[in-house]
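Observations on chain architecture
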Amino acid sequence: MRGGLLAAAGAAALIAGSAAGAQTLRDALSETYRTNPTIMAERAQVRSLDESVAVARAGNRVQVSGTAGVNQDLTRTGGGNGRNLSAGIDVSYPLFNGGRVRNQIGAANERVAAGRAELRATEGDVFTSAVGAYMDVIRDRSIVDLNRNQVKVLETNLQATRDRFEVGDLTRTDVAQSEARLALARSALSTAEGRLQTSEETYRRVVGLAPGDLAPPPTLPQLPATADQAVDIAIQNNPDIASIAAQIRAAGRDVAVVRSGRLPTVSAIGSARETNYLGTAERQFLSPLAPENTTSTGIGVQARIPIYQGGLVSAQVRQAQAIQGQLLERGVETERLIVANTRAAFATYQAAQLAIRSNEVAVAANTLALEGVRAEQTVGTRNVLDVLNAEQELLNSQVALVTARRDAYVAGFNLLNAMGEAEAKDLNLDGGTLYDPVPHYKRSIRRTSDWSDDPVPVPVATRTYGPPNVPNTPVTAPRQ
(Lines give C-alpha, C1' and ligand atoms only; values in the text may rest on other atoms or scores of the structure.)
Protein backbone atom coordinates (compact mmCIF):
# COMPACT_ATOMS: atom_id res chain seq x y z
CA MET A 1 0.00 0.00 0.00
CA ARG A 2 3.04 2.27 0.23
CA GLY A 3 4.39 4.41 -2.58
CA GLY A 4 2.79 6.70 -5.10
CA LEU A 5 -0.23 7.66 -3.02
CA LEU A 6 -1.07 10.71 -5.08
CA ALA A 7 0.21 9.29 -8.35
CA ALA A 8 -1.64 5.98 -8.21
CA ALA A 9 -5.07 7.39 -8.99
CA GLY A 10 -6.57 10.48 -10.53
CA ALA A 11 -3.67 11.08 -12.93
CA ALA A 12 -5.95 12.33 -15.69
CA ALA A 13 -7.64 14.75 -13.32
CA LEU A 14 -4.28 16.04 -12.16
CA ILE A 15 -3.09 16.61 -15.73
CA ALA A 16 -6.29 18.41 -16.60
CA GLY A 17 -6.07 20.55 -13.47
CA SER A 18 -2.46 21.46 -14.20
CA ALA A 19 -3.29 22.35 -17.77
CA ALA A 20 -5.98 24.70 -16.48
CA GLY A 21 -3.52 26.33 -14.10
CA ALA A 22 -5.18 25.00 -10.95
CA GLN A 23 -3.25 24.10 -7.83
CA THR A 24 -3.34 20.39 -7.10
CA LEU A 25 -3.18 18.62 -3.78
CA ARG A 26 0.28 17.36 -4.70
CA ASP A 27 1.39 20.95 -5.32
CA ALA A 28 0.12 21.93 -1.87
CA LEU A 29 1.83 19.00 -0.16
CA SER A 30 5.10 19.63 -2.00
CA GLU A 31 5.07 23.28 -0.91
CA THR A 32 4.27 22.21 2.63
CA TYR A 33 7.16 19.75 2.63
CA ARG A 34 9.61 22.40 1.43
CA THR A 35 8.61 25.34 3.60
CA ASN A 36 6.45 24.34 6.59
CA PRO A 37 8.08 25.61 9.82
CA THR A 38 6.91 22.65 11.91
CA ILE A 39 8.70 20.21 9.61
CA MET A 40 11.77 22.46 9.40
CA ALA A 41 11.95 22.67 13.21
CA GLU A 42 11.70 18.90 13.54
CA ARG A 43 14.54 18.45 11.06
CA ALA A 44 16.68 20.79 13.16
CA GLN A 45 15.77 18.73 16.23
CA VAL A 46 17.01 15.58 14.47
CA ARG A 47 20.28 17.33 13.61
CA SER A 48 20.73 18.30 17.26
CA LEU A 49 20.26 14.64 18.22
CA ASP A 50 22.95 13.71 15.68
CA GLU A 51 25.35 15.94 17.56
CA SER A 52 24.54 14.16 20.82
CA VAL A 53 26.19 11.07 19.29
CA ALA A 54 29.29 13.13 18.51
CA VAL A 55 29.25 14.42 22.09
CA ALA A 56 29.14 10.89 23.44
CA ARG A 57 31.88 9.66 21.09
CA ALA A 58 34.18 12.43 22.33
CA GLY A 59 34.39 10.58 25.64
CA ASN A 60 36.49 7.86 23.98
CA ARG A 61 38.98 10.24 22.39
CA VAL A 62 42.29 11.72 23.54
CA GLN A 63 41.97 14.83 25.67
CA VAL A 64 44.78 17.41 25.34
CA SER A 65 45.12 20.59 27.40
CA GLY A 66 47.82 23.21 27.78
CA THR A 67 48.84 25.43 30.68
CA ALA A 68 50.88 28.62 30.82
CA GLY A 69 51.68 31.09 33.54
CA VAL A 70 54.01 33.79 34.88
CA ASN A 71 54.92 33.67 38.60
CA GLN A 72 56.70 36.17 40.83
CA ASP A 73 57.84 35.19 44.32
CA LEU A 74 57.09 37.84 46.94
CA THR A 75 58.71 36.11 49.92
CA ARG A 76 60.90 33.07 50.05
CA THR A 77 62.56 31.33 53.02
CA GLY A 78 66.12 30.12 52.52
CA GLY A 79 66.63 31.63 49.10
CA GLY A 80 66.23 34.67 46.91
CA ASN A 81 63.07 35.89 45.30
CA GLY A 82 62.57 34.96 41.69
CA ARG A 83 60.15 34.75 38.83
CA ASN A 84 59.46 32.21 36.11
CA LEU A 85 57.51 31.60 32.93
CA SER A 86 56.10 28.09 32.65
CA ALA A 87 54.22 26.21 29.97
CA GLY A 88 53.01 22.65 29.88
CA ILE A 89 50.82 20.15 28.10
CA ASP A 90 48.72 17.31 29.53
CA VAL A 91 47.42 14.35 27.56
CA SER A 92 44.99 11.69 28.76
CA TYR A 93 43.37 8.75 27.05
CA PRO A 94 40.62 6.63 28.60
CA LEU A 95 41.49 2.94 28.80
CA PHE A 96 38.48 1.71 30.77
CA ASN A 97 35.36 3.51 31.95
CA GLY A 98 33.03 0.68 32.92
CA GLY A 99 31.13 0.82 29.62
CA ARG A 100 29.87 4.32 30.34
CA VAL A 101 30.86 5.87 27.01
CA ARG A 102 29.77 2.83 25.00
CA ASN A 103 26.30 3.00 26.53
CA GLN A 104 26.14 6.78 26.14
CA ILE A 105 26.82 6.33 22.43
CA GLY A 106 24.21 3.60 22.23
CA ALA A 107 21.63 5.76 24.03
CA ALA A 108 22.38 8.71 21.75
CA ASN A 109 21.95 6.54 18.67
CA GLU A 110 18.61 5.28 19.96
CA ARG A 111 17.48 8.86 20.48
CA VAL A 112 18.54 9.66 16.93
CA ALA A 113 16.30 6.79 15.77
CA ALA A 114 13.49 8.16 17.94
CA GLY A 115 14.01 11.64 16.48
CA ARG A 116 13.84 10.33 12.93
CA ALA A 117 10.61 8.50 13.76
CA GLU A 118 9.21 11.69 15.28
CA LEU A 119 10.17 13.53 12.09
CA ARG A 120 8.18 10.97 10.11
CA ALA A 121 5.25 11.41 12.50
CA THR A 122 5.48 15.19 12.16
CA GLU A 123 5.46 14.94 8.38
CA GLY A 124 2.34 12.78 8.50
CA ASP A 125 0.57 15.10 10.93
CA VAL A 126 1.43 18.23 8.94
CA PHE A 127 0.40 16.59 5.66
CA THR A 128 -2.88 15.58 7.29
CA SER A 129 -3.40 19.20 8.36
CA ALA A 130 -2.58 20.34 4.83
CA VAL A 131 -5.08 17.88 3.33
CA GLY A 132 -7.70 19.04 5.81
CA ALA A 133 -7.01 22.69 4.96
CA TYR A 134 -7.12 21.93 1.21
CA MET A 135 -10.44 20.10 1.51
CA ASP A 136 -11.86 22.76 3.84
CA VAL A 137 -11.23 25.43 1.21
CA ILE A 138 -12.87 23.32 -1.49
CA ARG A 139 -15.83 22.57 0.78
CA ASP A 140 -16.32 26.15 1.95
CA ARG A 141 -15.99 27.57 -1.56
CA SER A 142 -18.66 25.15 -2.72
CA ILE A 143 -20.89 26.09 0.21
CA VAL A 144 -20.43 29.79 -0.55
CA ASP A 145 -21.36 29.15 -4.18
CA LEU A 146 -24.45 27.22 -3.11
CA ASN A 147 -25.50 29.99 -0.74
CA ARG A 148 -24.90 32.69 -3.36
CA ASN A 149 -27.03 30.78 -5.78
CA GLN A 150 -29.69 30.41 -3.09
CA VAL A 151 -29.68 34.18 -2.52
CA LYS A 152 -30.12 34.79 -6.26
CA VAL A 153 -32.99 32.29 -6.43
CA LEU A 154 -34.70 33.85 -3.41
CA GLU A 155 -34.23 37.33 -4.82
CA THR A 156 -35.96 36.19 -8.00
CA ASN A 157 -38.69 34.51 -5.95
CA LEU A 158 -39.23 37.64 -3.87
CA GLN A 159 -39.56 39.80 -6.97
CA ALA A 160 -42.04 37.33 -8.46
CA THR A 161 -43.98 37.21 -5.20
CA ARG A 162 -44.17 41.00 -5.04
CA ASP A 163 -45.37 41.15 -8.64
CA ARG A 164 -48.11 38.62 -7.92
CA PHE A 165 -49.01 40.52 -4.73
CA GLU A 166 -49.40 43.70 -6.76
CA VAL A 167 -51.96 42.01 -8.99
CA GLY A 168 -53.74 40.46 -6.01
CA ASP A 169 -52.70 36.88 -6.72
CA LEU A 170 -50.78 36.50 -3.39
CA THR A 171 -51.10 37.97 0.07
CA ARG A 172 -48.81 40.19 2.14
CA THR A 173 -47.99 37.09 4.21
CA ASP A 174 -46.46 35.42 1.14
CA VAL A 175 -44.28 38.47 0.54
CA ALA A 176 -43.17 38.54 4.19
CA GLN A 177 -42.26 34.87 4.08
CA SER A 178 -40.15 35.44 0.97
CA GLU A 179 -38.45 38.46 2.52
CA ALA A 180 -37.67 36.54 5.72
CA ARG A 181 -36.23 33.60 3.84
CA LEU A 182 -34.06 35.91 1.71
CA ALA A 183 -32.75 37.65 4.82
CA LEU A 184 -31.85 34.30 6.38
CA ALA A 185 -30.13 33.23 3.15
CA ARG A 186 -28.04 36.41 3.12
CA SER A 187 -27.09 35.79 6.74
CA ALA A 188 -26.10 32.21 5.91
CA LEU A 189 -24.03 33.50 2.98
CA SER A 190 -22.16 35.93 5.24
CA THR A 191 -21.45 33.14 7.71
CA ALA A 192 -20.23 30.86 4.90
CA GLU A 193 -17.97 33.60 3.52
CA GLY A 194 -16.46 34.13 6.97
CA ARG A 195 -15.86 30.41 7.36
CA LEU A 196 -14.25 30.35 3.91
CA GLN A 197 -11.86 33.15 4.85
CA THR A 198 -10.88 31.25 8.00
CA SER A 199 -10.23 28.11 5.94
CA GLU A 200 -8.13 30.04 3.43
CA GLU A 201 -6.02 31.54 6.23
CA THR A 202 -5.55 28.08 7.74
CA TYR A 203 -4.42 26.83 4.33
CA ARG A 204 -1.97 29.71 4.06
CA ARG A 205 -0.60 29.00 7.54
CA VAL A 206 -0.04 25.30 6.86
CA VAL A 207 0.99 25.35 3.19
CA GLY A 208 2.69 28.76 3.14
CA LEU A 209 0.80 30.12 0.13
CA ALA A 210 -2.64 31.60 -0.40
CA PRO A 211 -4.96 29.07 -2.08
CA GLY A 212 -5.58 29.66 -5.75
CA ASP A 213 -7.96 27.69 -7.93
CA LEU A 214 -7.83 24.26 -6.26
CA ALA A 215 -8.26 21.15 -8.36
CA PRO A 216 -10.32 18.22 -7.07
CA PRO A 217 -8.15 15.84 -5.03
CA PRO A 218 -7.03 12.53 -6.51
CA THR A 219 -8.66 9.32 -5.38
CA LEU A 220 -7.21 7.81 -2.23
CA PRO A 221 -5.54 4.40 -2.53
CA GLN A 222 -7.46 1.32 -1.53
CA LEU A 223 -7.90 1.30 2.23
CA PRO A 224 -8.18 -1.77 4.47
CA ALA A 225 -11.49 -3.59 4.41
CA THR A 226 -11.75 -3.89 8.19
CA ALA A 227 -10.66 -1.93 11.22
CA ASP A 228 -8.60 -4.90 12.44
CA GLN A 229 -6.56 -4.89 9.24
CA ALA A 230 -5.95 -1.16 9.61
CA VAL A 231 -4.82 -1.64 13.22
CA ASP A 232 -2.38 -4.39 12.22
CA ILE A 233 -0.79 -2.08 9.64
CA ALA A 234 -0.65 0.80 12.13
CA ILE A 235 1.10 -1.29 14.78
CA GLN A 236 3.78 -2.21 12.24
CA ASN A 237 4.23 1.18 10.55
CA ASN A 238 3.16 4.03 12.81
CA PRO A 239 6.21 6.22 13.58
CA ASP A 240 4.97 7.16 17.06
CA ILE A 241 5.30 3.52 18.09
CA ALA A 242 8.77 3.35 16.55
CA SER A 243 9.75 6.53 18.41
CA ILE A 244 8.64 5.39 21.85
CA ALA A 245 10.29 1.99 21.31
CA ALA A 246 13.61 3.72 20.57
CA GLN A 247 13.20 5.94 23.62
CA ILE A 248 12.65 2.86 25.79
CA ARG A 249 15.83 1.29 24.45
CA ALA A 250 17.71 4.53 25.13
CA ALA A 251 16.42 4.55 28.70
CA GLY A 252 17.79 1.04 29.16
CA ARG A 253 21.17 2.30 28.01
CA ASP A 254 20.90 5.19 30.48
CA VAL A 255 20.55 2.70 33.33
CA ALA A 256 23.78 1.02 32.23
CA VAL A 257 25.50 4.43 32.02
CA VAL A 258 24.78 5.33 35.64
CA ARG A 259 25.65 1.81 36.83
CA SER A 260 29.13 2.33 35.43
CA GLY A 261 29.64 4.87 38.22
CA ARG A 262 30.28 1.92 40.54
CA LEU A 263 33.23 0.70 38.46
CA PRO A 264 36.79 1.99 38.33
CA THR A 265 38.08 4.17 35.51
CA VAL A 266 41.56 3.84 34.05
CA SER A 267 43.34 6.43 31.91
CA ALA A 268 46.76 6.72 30.31
CA ILE A 269 48.28 10.12 31.04
CA GLY A 270 51.26 12.06 29.84
CA SER A 271 52.62 15.50 30.64
CA ALA A 272 55.43 17.86 29.66
CA ARG A 273 56.55 21.08 31.37
CA GLU A 274 58.99 23.81 30.35
CA THR A 275 60.00 26.51 32.85
CA ASN A 276 62.12 29.60 32.21
CA TYR A 277 63.31 31.53 35.29
CA LEU A 278 63.73 34.77 33.36
CA GLY A 279 67.35 35.37 34.55
CA THR A 280 66.57 34.81 38.24
CA ALA A 281 67.70 31.18 38.58
CA GLU A 282 71.01 32.05 40.27
CA ARG A 283 69.36 34.36 42.78
CA GLN A 284 66.42 32.07 43.33
CA PHE A 285 68.37 28.89 43.90
CA LEU A 286 71.55 30.58 45.32
CA SER A 287 73.75 28.74 42.85
CA PRO A 288 75.65 30.05 39.82
CA LEU A 289 75.14 26.66 38.16
CA ALA A 290 71.36 26.74 38.37
CA PRO A 291 69.92 26.39 34.83
CA GLU A 292 67.66 29.09 33.48
CA ASN A 293 65.46 26.51 31.71
CA THR A 294 64.13 23.22 33.05
CA THR A 295 62.11 20.59 31.26
CA SER A 296 60.13 17.71 32.71
CA THR A 297 58.13 14.94 31.04
CA GLY A 298 56.23 11.98 32.34
CA ILE A 299 53.82 9.20 31.42
CA GLY A 300 51.72 6.89 33.50
CA VAL A 301 48.47 5.11 34.13
CA GLN A 302 45.94 6.54 36.52
CA ALA A 303 43.03 4.67 38.07
CA ARG A 304 40.09 6.01 39.99
CA ILE A 305 38.41 3.42 42.19
CA PRO A 306 35.13 4.42 43.82
CA ILE A 307 34.76 3.00 47.31
CA TYR A 308 31.85 4.87 48.82
CA GLN A 309 29.87 7.73 47.23
CA GLY A 310 27.12 8.30 49.78
CA GLY A 311 24.53 6.24 47.88
CA LEU A 312 24.76 8.54 44.86
CA VAL A 313 25.07 5.85 42.20
CA SER A 314 22.25 3.73 43.57
CA ALA A 315 19.96 6.76 43.63
CA GLN A 316 20.90 7.59 40.04
CA VAL A 317 20.26 3.99 38.96
CA ARG A 318 16.84 3.97 40.61
CA GLN A 319 16.05 7.29 39.02
CA ALA A 320 17.02 6.00 35.56
CA GLN A 321 14.97 2.84 36.14
CA ALA A 322 11.95 4.93 37.10
CA ILE A 323 12.32 6.91 33.86
CA GLN A 324 12.59 3.64 31.96
CA GLY A 325 9.41 2.45 33.66
CA GLN A 326 7.68 5.70 32.76
CA LEU A 327 8.59 5.23 29.10
CA LEU A 328 7.42 1.62 29.18
CA GLU A 329 4.01 2.81 30.37
CA ARG A 330 3.99 5.51 27.73
CA GLY A 331 4.71 2.83 25.16
CA VAL A 332 1.49 1.08 26.14
CA GLU A 333 -0.30 4.42 26.18
CA THR A 334 0.98 5.21 22.69
CA GLU A 335 -0.11 1.83 21.39
CA ARG A 336 -3.58 2.34 22.87
CA LEU A 337 -3.79 5.78 21.29
CA ILE A 338 -2.74 4.50 17.87
CA VAL A 339 -5.27 1.67 18.03
CA ALA A 340 -8.04 4.06 19.08
CA ASN A 341 -7.14 6.66 16.45
CA THR A 342 -6.97 4.04 13.72
CA ARG A 343 -10.33 2.54 14.61
CA ALA A 344 -11.88 6.00 14.94
CA ALA A 345 -10.52 7.11 11.56
CA PHE A 346 -11.77 3.89 9.97
CA ALA A 347 -15.25 4.36 11.50
CA THR A 348 -15.36 8.02 10.45
CA TYR A 349 -14.35 7.11 6.92
CA GLN A 350 -17.00 4.39 6.68
CA ALA A 351 -19.67 6.70 8.10
CA ALA A 352 -18.72 9.46 5.67
CA GLN A 353 -18.95 7.03 2.74
CA LEU A 354 -22.46 6.08 3.84
CA ALA A 355 -23.31 9.76 4.30
CA ILE A 356 -22.16 10.50 0.74
CA ARG A 357 -24.46 7.85 -0.70
CA SER A 358 -27.39 8.99 1.45
CA ASN A 359 -26.89 12.65 0.61
CA GLU A 360 -26.59 11.89 -3.10
CA VAL A 361 -30.01 10.27 -2.87
CA ALA A 362 -31.30 13.23 -0.85
CA VAL A 363 -30.02 15.78 -3.39
CA ALA A 364 -31.64 13.89 -6.27
CA ALA A 365 -34.91 13.51 -4.36
CA ASN A 366 -34.98 17.14 -3.21
CA THR A 367 -34.24 18.34 -6.74
CA LEU A 368 -37.21 16.35 -8.03
CA ALA A 369 -39.36 17.48 -5.11
CA LEU A 370 -38.57 21.16 -5.76
CA GLU A 371 -39.52 20.80 -9.40
CA GLY A 372 -42.79 19.18 -8.35
CA VAL A 373 -43.62 21.80 -5.71
CA ARG A 374 -42.96 24.61 -8.18
CA ALA A 375 -45.21 22.92 -10.73
CA GLU A 376 -47.92 22.39 -8.14
CA GLN A 377 -47.69 26.03 -7.06
CA THR A 378 -48.51 27.16 -10.58
CA VAL A 379 -51.82 25.26 -10.43
CA GLY A 380 -52.61 26.48 -6.92
CA THR A 381 -52.12 23.30 -4.90
CA ARG A 382 -48.93 24.58 -3.20
CA ASN A 383 -48.16 27.94 -1.64
CA VAL A 384 -45.07 30.13 -1.49
CA LEU A 385 -43.92 28.67 1.82
CA ASP A 386 -43.95 25.17 0.33
CA VAL A 387 -41.61 26.34 -2.44
CA LEU A 388 -39.34 28.12 0.02
CA ASN A 389 -39.13 25.03 2.19
CA ALA A 390 -38.36 22.81 -0.80
CA GLU A 391 -35.58 25.16 -1.90
CA GLN A 392 -34.11 25.15 1.61
CA GLU A 393 -34.26 21.36 1.81
CA LEU A 394 -32.38 21.10 -1.47
CA LEU A 395 -29.73 23.55 -0.24
CA ASN A 396 -29.34 21.67 3.03
CA SER A 397 -28.84 18.36 1.26
CA GLN A 398 -26.33 19.91 -1.18
CA VAL A 399 -24.32 21.36 1.70
CA ALA A 400 -24.49 18.03 3.53
CA LEU A 401 -23.20 16.24 0.43
CA VAL A 402 -20.27 18.63 0.01
CA THR A 403 -19.43 18.27 3.71
CA ALA A 404 -19.66 14.48 3.59
CA ARG A 405 -17.28 14.32 0.64
CA ARG A 406 -14.80 16.50 2.50
CA ASP A 407 -15.18 14.42 5.68
CA ALA A 408 -14.67 11.16 3.79
CA TYR A 409 -11.46 12.32 2.13
CA VAL A 410 -9.99 13.78 5.30
CA ALA A 411 -10.96 10.69 7.32
CA GLY A 412 -9.36 8.47 4.69
CA PHE A 413 -6.14 10.47 4.87
CA ASN A 414 -6.31 10.40 8.67
CA LEU A 415 -6.52 6.63 8.42
CA LEU A 416 -3.45 6.56 6.18
CA ASN A 417 -1.62 8.74 8.69
CA ALA A 418 -2.59 6.47 11.59
CA MET A 419 -1.25 3.51 9.60
CA GLY A 420 2.04 5.33 8.98
CA GLU A 421 1.39 5.70 5.25
CA ALA A 422 1.05 9.48 4.93
CA GLU A 423 4.72 10.44 4.96
CA ALA A 424 6.70 12.16 2.24
CA LYS A 425 8.05 8.90 0.84
CA ASP A 426 4.48 7.61 0.42
CA LEU A 427 3.12 10.66 -1.39
CA ASN A 428 5.35 10.72 -4.48
CA LEU A 429 5.84 14.46 -4.09
CA ASP A 430 7.21 16.66 -6.83
CA GLY A 431 9.76 19.38 -6.30
CA GLY A 432 13.11 17.76 -5.56
CA THR A 433 14.83 15.10 -3.51
CA LEU A 434 13.29 14.09 -0.20
CA TYR A 435 15.06 15.13 2.96
CA ASP A 436 17.52 12.49 4.18
CA PRO A 437 18.84 12.85 7.76
CA VAL A 438 21.61 10.26 7.30
CA PRO A 439 24.25 12.44 5.54
CA HIS A 440 24.23 14.98 8.38
CA TYR A 441 24.52 12.18 10.92
CA LYS A 442 27.52 10.66 9.17
CA ARG A 443 29.19 14.04 8.79
CA SER A 444 28.63 15.03 12.42
CA ILE A 445 30.08 11.85 13.96
CA ARG A 446 33.23 12.16 11.81
CA ARG A 447 34.01 15.72 12.92
CA THR A 448 36.70 15.79 15.60
CA SER A 449 37.82 19.41 15.47
CA ASP A 450 36.93 21.74 18.31
CA TRP A 451 36.48 24.56 15.77
CA SER A 452 34.17 23.05 13.14
CA ASP A 453 31.00 25.07 13.79
CA ASP A 454 28.10 25.20 11.36
CA PRO A 455 27.03 28.50 9.78
CA VAL A 456 24.69 30.69 11.81
CA PRO A 457 21.20 29.22 11.27
CA VAL A 458 18.55 31.18 9.42
CA PRO A 459 14.89 30.24 8.88
CA VAL A 460 14.15 27.92 5.98
CA ALA A 461 10.37 28.13 6.25
CA THR A 462 8.66 30.89 4.31
CA ARG A 463 6.86 33.69 6.11
CA THR A 464 3.27 34.71 5.46
CA TYR A 465 3.60 38.29 6.71
CA GLY A 466 5.01 41.20 4.78
CA PRO A 467 5.77 41.62 1.07
CA PRO A 468 6.40 38.46 -0.97
CA ASN A 469 9.83 37.23 -2.01
CA VAL A 470 11.57 38.87 0.95
CA PRO A 471 14.44 36.76 2.35
CA ASN A 472 13.75 35.16 5.69
CA THR A 473 15.16 36.91 8.72
CA PRO A 474 15.15 35.72 12.31
CA VAL A 475 12.16 36.89 14.31
CA THR A 476 13.28 38.83 17.37
CA ALA A 477 11.41 40.38 20.25
CA PRO A 478 10.72 44.11 19.93
CA ARG A 479 12.98 46.43 21.85
CA GLN A 480 11.60 47.79 25.08
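Residues numbered from 1 in each chain as written. Predicted model: local features only at pLDDT ≥ 70, side-chain atom pairs only at ≥ 80, totals over all residues. Heavy atoms only, no water.

1. Description of the overall build of the protein
- From N to C terminus, the protein includes twelve helices and four strands.
- Computed over the C-alpha atoms, the radius of gyration of the protein is 37 Å, more than 25% above the 23 Å expected from 2.2 N^0.38 for a compact globule of 480 residues.
- Counting only contacts in the protein whose residues sit at least 6 apart along the sequence, the fraction spanning at least 24 positions is 81%.
- Total accessible area on the protein stands at roughly 26700 Å², and carbon and sulfur atoms take up 54% of it.
- Each charge class in the protein can be summarised by its mean position, and for the 49 positive and 49 negative side chains these summaries are 8 Å apart. (Helix = DSSP H or I, 4+ residues; strand = E, 2+ residues; numbered from the N terminus. Rg over C-alpha atoms; globule rule 2.2 N^0.38 Å. Contact = heavy atoms within 4.5 Å. Areas by Shrake-Rupley, 256 points an atom, 1.4 Å probe, with all protein chains shown as cover. Lys, Arg positive; Asp, Glu negative; His and termini not counted. Charge placed at Lys NZ, Arg CZ, Asp CG, Glu CD.)

2. Overview of the packing of aromatic side chains
- Taken as a whole and judged by the stated rule, the model has two aromatic pairs.
- Between Tyr134 and Tyr203 the ring centres are 6.3 Å apart and the planes differ by 40 degrees, which places this aromatic pair in the tilted class. In this pair, Tyr134 sits in helix H4 (residues 100-166) while Tyr203 sits in helix H5 (residues 172-207), placing the two residues 69 residues apart along the sequence.
- Classification of Tyr134 by relative accessible area gives buried; the value is 0%. (Phe/Tyr/Trp six-rings, centres within 6.5 Å; stacked < 30°, edge-to-face > 60°. Buried < 20%, exposed > 50% of the residue type's maximum accessible area, 1.4 Å probe, protein only.)

3. Quick word on the nonpolar core
- Core analysis: the biggest nonpolar cluster contains 60 residues, and Leu29, Phe127, Tyr134, Tyr203, Phe413 and Met419 have the highest contact counts within it.
- Here the element with the most residues in this core is H4; it accounts for 14 residues.
- Among residues more than four places away in sequence, those in contact with Phe127 are Leu29, Thr32, Tyr33, Phe413, Ala422, Glu423, Ala424, Leu427 and Leu429.
- Counting residues in hydrophobic clusters, the runner-up holds eleven residues, among them Val363, Leu394, Ala404 and Ala408. (Core = buried A, V, L, I, M, F, W, Y, C linked by side-chain atoms within 4.5 Å.)

4. Remarks on the side chain of Arg139
- Take Arg139: it is sitting in helix H4.
- According to the relative accessible area criterion, Arg139 is buried, its value standing at 15%.
- When near neighbours in sequence (up to four residues on either side) are disregarded, Arg139 contacts Arg195, Ser199, Val402, Thr403 and Arg406.

5. Quick notes on a nonpolar patch on the surface
- Taken together, the side chains of Val62, Val64, Ile89, Val91, Tyr93, Leu95, Phe96, Leu263 and Val301 define a hydrophobic patch exposed on the protein surface, amounting to about 790 Å² of accessible area.
- With five residues, strand E2 (residues 83-96) is the largest single contributor of residues to the nonpolar patch. (Patch = residues over 30% accessible without salt bridge, like charges linked within 9 Å, V, L, I, M, F, W, Y side chains within 5 Å. Salt bridge = Lys/Arg side-chain N within 4 Å of Asp/Glu carboxyl O.)

6. So, the sheet that holds strand E4 (residues 293-304)
- With antiparallel pairing, the four strands of this open sheet are ordered in space as E1-E2-E3-E4. Edge strands, defined here as strands with exactly one partner in the open sheet, are strand E1 (63-72) and E4. If you compare each strand with its neighbour and ignore which way they point, the axes differ by 15 degrees on average.
- For E2 and strand E3 (residues 265-276), the ladder comprises eleven bridges, and the chain directions are antiparallel. (Pairing = 2+ DSSP bridges. Axes fitted to C-alpha atoms, helices over the stretch in contact; angles between N-to-C directions.)

7. What to know about the side chain of Ser178
- Structurally, Ser178 is set in helix H5.
- Among the residues examined, Ser178 registers a relative accessible area of 2% and is labelled buried.
- At a separation of 3.4 Å, a polar atom in the side chain of Ser178 contacts the side chain of Thr161.
- Excluding residues within four positions of it along the chain, Ser178 makes contact with Leu158, Thr161, Val384 and Leu388. (Polar contact = N/O pair within 3.5 Å; in protein donor to acceptor, adjacent residues only side chain to side chain.)

8. Section: the environment of Gly124
- Along the chain, Gly124 falls in helix H4.
- Assessed through its relative accessible area of 0%, Gly124 is described here as buried.
- Separated by 66 residues in sequence, Gly124 and Ala58 place their C-alpha atoms 35 Å apart.
- Among all residues touching Gly124, those that are not within four sequence positions of it are Asn417 and Ala422.

9. Brief notes about the packing of helix H2 (residues 25-35) against H5
- Axis separation between H2 and H5 bottoms out at 8 Å; the angle between their running directions is 50 degrees. Here H2 lies oblique to H5, going by the angle between them. The residues of H5 that touch H2, namely those facing Ala28, Glu31, Thr32 and Thr35, are Tyr203, Val206 and Val207.
- Residue composition of the contact of H2 with H5, grouped by class: four nonpolar, two polar and one charged. (Parallel < 35°, antiparallel > 145°, perpendicular 65-115°, else oblique. Nonpolar A, V, L, I, M, F, W, Y, C, P; charged D, E, K, R; others polar.)

10. Digging into unusual backbone geometry
- One non-glycine residue, Asn428, lies in the positive phi region at around 55 degrees.
- Counting through the fold element by element, Asn428 comes out in the loop between helix H11 (424-427) and helix H12 (438-446).
- Classification of Asn428 as partly exposed rests on a relative accessible area of 36%.

11. As for H2
- With nine of its eleven residues buried, H2 lies for the most part within the structure.
- Taken as a whole, H2 has its buried residues at Leu25, Arg26, Ala28, Leu29, Ser30, Glu31, Thr32, Tyr33 and Thr35.

12. Quick look at the packing of H2 against H4
- Relative to each other, H2 and H4 sit at 140 degrees, their axes nearing to 10 Å. One finds that H2 runs oblique with respect to H4. When you trace H2 past H4, the crossing you get is right-handed. Counting all contacts with H2, which are made through Leu25, Ala28, Leu29, Thr32 and Tyr33, the residues of H4 involved are Glu123, Val126, Phe127, Ala130, Val131 and Tyr134.
- Considering only residue class, the contact of H2 with H4 consists of nine nonpolar, one polar and one charged. (Left-handed = near helix turned anticlockwise from the far one by under 90°.)

13. Remarks on the confidence of the model for the protein
- Put simply, the protein has an average pLDDT of 89, and 91% of its residues get 70 or more.
- Of the regions scoring below 50 in pLDDT, residues 1-20 engages in 41 contacts with residues more than four places distant in sequence or in other chains. (pLDDT = per-residue confidence, 0-100.)

14. What to know about helix H6 (residues 227-237)
- By the burial criterion, the buried members of H6 are Ala227, Ala230, Val231, Ile233 and Ala234. One side of H6 holds all its buried residues, which, seen down the axis, span an arc of 165 degrees. Opposite the buried face of H6, by more than 90 degrees, sit the exposed residues Asp232 and Gln236.
- Of the surrounding elements, those touching the buried residues of H6 are helix H7 (239-259), helix H9 (312-378) and helix H10 (384-418). (Arc of directions from axis to C-beta.)

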